[in-house]
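The lines below spell out each chain.
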Amino acid sequence: MNETDINQRVAAFLEEHDPGGDRLEFLRARFDAGLAWVWFPEGLGGLGAPRELQQVVERELADTPQLNSGKQAIGLGMAAPTILAFGTAEQQRRFLRPLWTGEEIWCQLFSEPGAGSDLATLATRAVRDGDEWVVDGQKVWTSGAHHARWAILVARTDPDVPKHRGLTYFVCDMHAPGVEVRPLRQITGEAEFNEVFLTGVRLSDDLRLGEVGDGWRVAQTTLMNERVAIGGAPTRRGGGVMASVVSAWREHPELRTHELHQRLLALWVEAEATRLSGARLREQLAAGQPGPEGSGMKLAFAKLNQELTGFDVEFLRDLGYDDWAFRRSEDVDFFGRGPGYRYLRAKGNSIEGGTSEILRNIISERVLGLPSEPRIDKDVPWKDLPR
Amino acid sequence: MTLLYSEVEEELRSSVRGLLADRCPPAAVLQRVESEPNDLDLWKTLAGEIGVAGLLIPEELGGAGAGPGEAAVVLEELGRSVAPVPFFTSSVLATRALLPTRDALLGELAEGRRTAALAVSFAASPYAPARGSSVTVDGDGRLSGTVSGVAGADVADVLLVPVDGDLYAVEGAPVTVVPSLDLTRPVATVTFARTPARRVGACDVAAVLRFGAGLLASEQLGVAEWCLDTTLAYVKERHQFARPIGSFQAIKHRLADLWLDVVRARAAARNAVADASSVSVAVAASWNAGVAVRVAEEALQLHGGIGMTWEHPVHLYLKRAKAAEIALGTPGDHREALASLVGVPAPGAE
Ligand SMILES: Cc1cc2nc3c(=O)[nH]c(=O)nc-3n(C[C@H](O)[C@H](O)[C@H](O)COP(=O)(O)OP(=O)(O)OC[C@H]3O[C@@H](n4cnc5c(N)ncnc54)[C@H](O)[C@@H]3O)c2cc1C
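Quick summary incoming for the structure in this document. Just so we're clear, the structure is a prediction, and the values are computed from it rather than from any experiment.

**Details of the overall build of chain A**
Now for step 1: Within chain A, the secondary structure is distributed over eleven helices and eight strands.
Now for step 2: Rg of the C-alpha trace for chain A: 22 Å, near the compact-globule value of 21 Å for 387 residues, within the 12% margin.
Now for step 3: Counting only C-alpha atoms, chain A reaches 70 × 55 × 45 Å along its principal axes.
Now for step 4: Classification of the 387 residues of chain A by burial places 51% in the buried group.
Now for step 5: Per element, the accessible surface of chain A, about 17300 Å² overall, is 52% carbon and sulfur.
Now for step 6: Each charge class in chain A can be summarised by its mean position, and for the 46 positive and 57 negative side chains these summaries are 4 Å apart.

This is the structure we're talking about:
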């Protein structure tokens with residue numbers, strides 16, 4: 001399969017389906033034609049084609065109905081690759097199509113009040129009852145739970161073994177009785193994320209992803225994809241947050257100072273070097289030689305985003321804020337909002353999806369081969385760990 | 001356009017690396033820097049057997065007809081060994097200055113039979129190409145004046161002197177080596193006093209220096225890689241408080257950050273090779289110069305007392321990194337150039 005084949009398929013598809021017609025019909029047809037994510041297998045929205053050919057499809061279909069990349073981020077970036085890697089054929093058939101079209105939104109029920117960076121210590125219990133599991137516990141920081149039809153969920157199925165071994169991964173029905181979603185207000189004023197209380201929630205065993213007790217390994221797939229999704233999106237030179245800062249800089253010569261100029265140029269260079277390593281990383285992946293560079297991209301992205309958005313506020317000398325109203329956000333409207341919002345929202349970039357400290361631990365141990373700190377939690381049954 | 005290494009580049013890398021491991025370990029460099037820093041035997045093998053001297057020279061002019069990608073890989077390896085050979089000064093800078101003239105000297109440079117140096121200060125830049133030079137030409141085509149901070153002049157058979165848009169070849173002018181911050185690439189003052197010179201052709205010095213700055217980024221990458229690798233090995237080995245010091249998070253996190261800087265330096269260096277535009281060169285030159293200095297400084301710090309000794313080679317890398325930070329434009333010079341190149345105008349500018 002090469003670029004020409006893809007172009008032909010897209011052309012044939014567009015002859016049959018009018019992009020100006022019903023949006024959902026169009027997206028469903030695109031999925032069925034294998035033009036959703038070309039590297040997925042045939043029948044699941046893909047063509048089994050090399051991943052880099054996706055950009056050809058995106059380019060050719062740029063003027064047709066698009067996905068909602070904000071609301072669908074967790075589904076597309078995390079749930080889908082995990083379902084593809086660990087789901088049964090039946091689960092893949094059931095979940096992937098509406099996930100991709102956006103008919104069903106997904107959220108991520110991982111973090112808990114007592115388990116953040118140390119996710120494997122989580123306490124939400126799933127107890128088997130015949131063909132079902134009964135889930136009890138509390139999750140927190142759950143982005144978009146208020147939109148979600150489904151969730152990816154990690155729960156403890158065996159408290160008597162060390163923490164990493166007693167976990168199991170499920171798809172949670174967010175409409176099931178016993179699921180309660182409460183908004184959590186963020187520093188930006190609005191509520192993107194939530195607390196989710198799970199009380200006697202019954203999930204049938206066919207909602208389990210992977211083997212009982214193998215939840216940690218399944219979750220690793222999700223987390224690796226999350227970090228690539230957050231840090232790895234292709235951008236053009238000077239694009240993204242940099243573009244909005246530079247356009248403000250050009251529009252307001254009266255606000256420029258030499259000191260800010262020096263800082264902006266240094267950030268420009270760092271952003272460009274970061275963008276180039278993202279491009280190099282994607283080339284390596286496409287050539288089938290995935291390098292360890294991936295774990296660094298999210299770290300670099302978080303730092304840059306925070307510095308640039310902080311710079312923007314300072315440069316504009318903006319003492320105001322667009323809107324503190326407490327509401328449930330539809331989406332992360334990063335560029336639609338003011339610089340104050342961007343500054344505050346970007347603070348989450350070094351926390352969500354693994355904090356920057358945890359990413360440095362991962363790089364230093366898995367990429368650089370440095371020894372771990374002495375640990376006391378590896379071989380102790382979860383139930384005996386100090387809390 | 002690709003940011004990856006080609007198979008040919010990887011093969012070239014491994015032969016250069018093999019030779020350097022054998023002939024140019026840091027201890028050997030250390031031993032010679034105070035007596036005779038330039039290793040001309042090693043240069044003979046590199047140029048003659050591996051053929052690195054003619055990489056940038058087209059086949060019809062006697063070279064290998066390779067490109068900047070191959071030269072960059074050689075520079076990475078030479079940087080890793082702080083190898084005291086005139087590859088950068090003769091086979092990159094001087095060669096690039098000579099290429100548009102298609103002068104017959106290129107054939108001799110390609111074979112490594114002769115070496116040349118561009119008589120331009122290492123402290124000059126694409127934005128201030130005449131910095132450090134007072135050379136003028138008179139009606140008889142004789143040169144007078146001095147150039148300070150010239151790298152590679154001490155081993156050059158021929159000096160290539162740009163004056164007023166022209167390039168002159170000079171042999172036998174007095175070259176005075178000065179004590180240099182970079183022990184492995186000392187600089188010299190070159191003096192001309194009504195010195196006879198041969199006009200070789202036209203020369204756009206700024207373009208030559210820009211090309212050089214783009215490739216120097218690969219050498220800086222090599223310097224940074226050695227410092228990072230050596231430090232990683234050391235912190236895994238060295239024990240304090242009954243643990244390897246590399247298990248302390250304060251150290252792990254610093255190394256993770258340095259690694260990320262080096263990853264980005266590799267991408268920036270490859271990009272400057274793939275796309276030699278002014279923007280790509282300025283990005284690679286400013287980023288990689290800073291990274292090489294940062295990693296070398298951290299390498300020294302994380303070695304503790306041993307890092308401060310003459311006996312340990314890390315200082316050779318620190319000195320190379322710090323001198324190369326100035327060479328062909330400081331990071332600040334390159335960032336300032338970006339202001340107009342990418343439309344981030346200074347206060348008061350349009
Ligand atoms: C905007 C936002 C959206 C989120 N969305 C979701 C979501 O949809 N679903 C979900 O499950 N979770 C979500 N999270 C949660 C996120 O994954 C966690 O907040 C994160 O993993 C950190 O956990 P914690 O908040 O418990 O902090 P802690 O783990 O308590 O960390 C506190 C501080 O200690 C540091 N620290 C902890 N351990 C170490 C260590 N070993 N070494 C060095 N430093 C350490 C951390 O880096 C941090 O600075 C979201 C978070 C944010 C901010």
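Alright, that's what it looks like, and here's the rest.
**Digging into empty space enclosed by the protein**
Residue and element names in this part refer to chain B.
Now for step 1: Taken as a whole and judged by the stated rule, the model has three cavities of 30 Å³ or more.
Now for step 2: Quantified by volume, the largest cavity comes out at close to 150 Å³.
Now for step 3: Contributing to the lining of the largest cavity are 18 residues, with Val 85, Pro 86, Thr 89, Thr 184 and Arg 185 lying nearest its centre.
Now for step 4: When contributions to the lining of the largest cavity are tallied by element, the ones reaching two or more residues are helix H4 (68-80) and helix H5 (87-98).
Now for step 5: Tallying contributions element by element places H5 first for the lining of the largest cavity, with three residues.
Now for step 6: Split by residue class, the lining of the largest cavity holds ten nonpolar, four polar and four charged.

**Focus on the sheet that holds strand S6 (residues 175-177) of chain B**
Residue and element names in this part refer to chain B.
Now for step 1: Taking strand neighbours across the sheet as the criterion, the four strands line up as S2-S3-S7-S6 in an open arrangement whose pairing is antiparallel. Either end of the sheet is taken by a strand with one partner, and the two such strands are strand S2 (136-137) and S6.
Now for step 2: One ladder, built from three bridges, connects S6 with strand S7 (residues 187-196); its direction is antiparallel. Bridge pairing links Val 177 to Ala 188 in S7.

**What to know about the packing of helix H7 (residues 241-251) of chain A against helix H8 (residues 258-286) of chain A**
Residues and elements named next belong to chain A.
Now for step 1: Direction vectors running N to C along H7 and H8 enclose 155°, while the axes themselves pass 11 Å from each other. Considering their axes alone, H7 and H8 lie roughly antiparallel with respect to each other. With respect to the hand of their crossing, H7 and H8 are arranged in left-handed fashion. The residues of H8 that touch H7, namely those facing Met 242, Val 245, Val 246 and Trp 249, are Leu 260, His 261, Leu 264, Leu 267, Trp 268 and Ala 271.
Now for step 2: For the contact of H7 with H8, the residue count by class is nine nonpolar, one polar and no charged.

**Looking at the interface of chain A and chain B**
Now for step 1: Taken residue by residue, the interface counts 44 residues in chain A and 44 residues in chain B.
Now for step 2: Taken over both partners, the interface formed by chain A and chain B buries close to 3900 Å², and the fraction arising from carbon and sulfur atoms is 67%.
Now for step 3: Between the two partners, chain A and chain B, sit four salt bridges.
Now for step 4: A salt bridge links Arg 243 of chain B to Glu 373 of chain A; its shortest N-O distance comes to 3.2 Å.

**Some thoughts on the site of the ligand**
Now for step 1: Around the ligand, the structure places 19 residues, and the nearest of them are Ser 111, Ser 117, Trp 141, Thr 355 and Glu 357 of chain A.
Now for step 2: The ligand is flanked by residues contributed from chains A and B.
Now for step 3: Within the backbone of Gln 108 of chain A, a nitrogen or oxygen atom sits 2.8 Å from a nitrogen atom of the ligand.
Now for step 4: With respect to the ligand, the backbone of Phe 110 of chain A contributes an N or O atom lying 3.1 Å from an oxygen atom.

**Quick look at the nonpolar core**
Now for step 1: Ranked by internal contacts, the top residues of the largest apolar core, which has 134 residues, are Phe 87, Leu 160 and Leu 255 of chain B.
Now for step 2: Of all the elements, helix H7 (residues 205-237) of chain B adds the most residues to this core, at 15 residues.
Now for step 3: Excluding residues that lie within four positions of it along the chain, Leu 160 of chain B makes contacts with Ala 94, Leu 98, Leu 105, Ala 116, Ala 117, Leu 118, Ala 119, Leu 167, Tyr 168 and Ala 169 of chain B.
Now for step 4: In terms of nonpolar packing, the next biggest core, distinct from the first, is built from 52 residues, Met 78, Ala 80, Ala 148 and Leu 198 of chain A among them.

**Here's the deal with the packing of aromatic side chains**
All names here are of chain A.
Now for step 1: One pass over the full model with this rule turns up 19 aromatic pairs over all chains.
Now for step 2: Seen in terms of ring centroids, Phe 95 and Trp 150 are 5.0 Å apart; in terms of plane orientation they differ by 80°. Their pairing is edge-to-face. Highlighted residues: Phe 95 in helix H5 (residues 89-101) and Trp 150 in strand S4 (residues 150-156), separated in sequence by 55 residues.
Now for step 3: Here Phe 95 falls in the buried class, since its relative accessible area comes to 4%.
Now for step 4: Residue classification places Trp 150 among the buried positions, given a relative accessible area of 6%.
Now for step 5: Feature note: the residues Phe 31, Trp 37, Trp 39, Phe 40 and Trp 100 constitute an aromatic cluster, connected by ring pairs.

What counts and what doesn't
- Counting from 1, residues in each chain are numbered in the order their sequence is written.
- Each chain takes a letter, starting from A, and each ligand takes a number, starting from 1, following the order in which they are written.
- Local features in this predicted model are restricted to residues whose pLDDT is 70 or higher, and side-chain atom pairs enter the listing and the counts only when it is 80 or higher, whereas totals over whole chains, interfaces and linings include all residues.
- In computing side-chain properties, one takes all heavy atoms of the structure into account and sets aside hydrogens as well as water.
- Counting from the N terminus, the helices are DSSP H or I runs at least four residues long and the strands are E runs at least two residues long.
- The atom set for the radius of gyration is the C-alpha atoms, and the globule formula is 2.2 Å times the number of residues raised to the power 0.38.
- The buried label applies to any residue whose accessible area, calculated with a 1.4 Å probe on protein chains only, is under 20% of its type's maximum; exposed applies above 50%, and partly exposed to all values in between.
- Using a 1.4 Å probe, accessible areas were evaluated by the Shrake-Rupley method; residue-level cover was limited to the displayed protein chains.
- When charges are counted, Lys and Arg contribute as positive and Asp and Glu as negative, whereas His and the chain ends are disregarded.
- For the purpose of locating charges, the reference atoms are NZ of Lys, CZ of Arg, CG of Asp and CD of Glu.
- A 1.4 Å probe that fits into a set of points on a 1 Å grid over the protein atoms alone but cannot get out defines a cavity; an open set with protein on both sides within 12 Å along at least five of seven lines defines a pocket, and lining residues are those with an atom within 4 Å of a point.
- Grid points are joined across faces, edges and corners, and a volume is the space filled by probe spheres set on the points.
- Gly is put with the polar residues, along with every residue not named as nonpolar or charged; the nonpolar set is Ala, Val, Leu, Ile, Met, Phe, Trp, Tyr, Cys and Pro, and the charged set is Asp, Glu, Lys and Arg.
- Paired strands, as defined in this entry, are two strands with at least two bridges between them according to DSSP.
- Throughout, an axis means a line fitted to C-alpha atoms (over the contacting stretch in the case of helices), and angles, computed between N-to-C directions, take values from 0 to 180 degrees.
- Relative orientations are named as follows: roughly parallel for angles under 35 degrees, roughly antiparallel for angles over 145 degrees, roughly perpendicular for angles from 65 to 115 degrees, and oblique for any other angle.
- Crossings are sorted by hand: turned counterclockwise from the far helix by less than a right angle, the near helix makes the crossing left-handed, and turned clockwise it makes it right-handed.
- Note on contacts: a residue pair qualifies if any of its non-hydrogen atoms lie within 4.5 Å across the two residues.
- As used here, buried area is the combined drop in accessible area, with a 1.4 Å probe, of two parts when they are placed together.
- We define a salt bridge as a contact between a side-chain nitrogen of Lys or Arg and a carboxyl oxygen of Asp or Glu at a distance within 4 Å.
- Nearness is defined per residue: one heavy atom within 4 Å of the molecule or strand is enough.
- Pairing of N or O atoms within 3.5 Å defines a polar contact, subject to two protein rules: one partner must be a possible hydrogen donor and the other a possible acceptor, and residues neighboring in sequence count only if both atoms are side-chain atoms.
- Only buried residues count toward a nonpolar core, which is a set of Ala, Val, Leu, Ile, Met, Phe, Trp, Tyr and Cys residues joined through side-chain atoms within 4.5 Å.
- Pairing of aromatic side chains here covers Phe, Tyr and the six-membered ring of Trp, requires ring centres within 6.5 Å, and sorts the geometry by plane angle: under 30 degrees stacked, over 60 edge-to-face, intermediate tilted.

It is worth stressing that arrangement in space is one thing and function is another; only the former is reported here.
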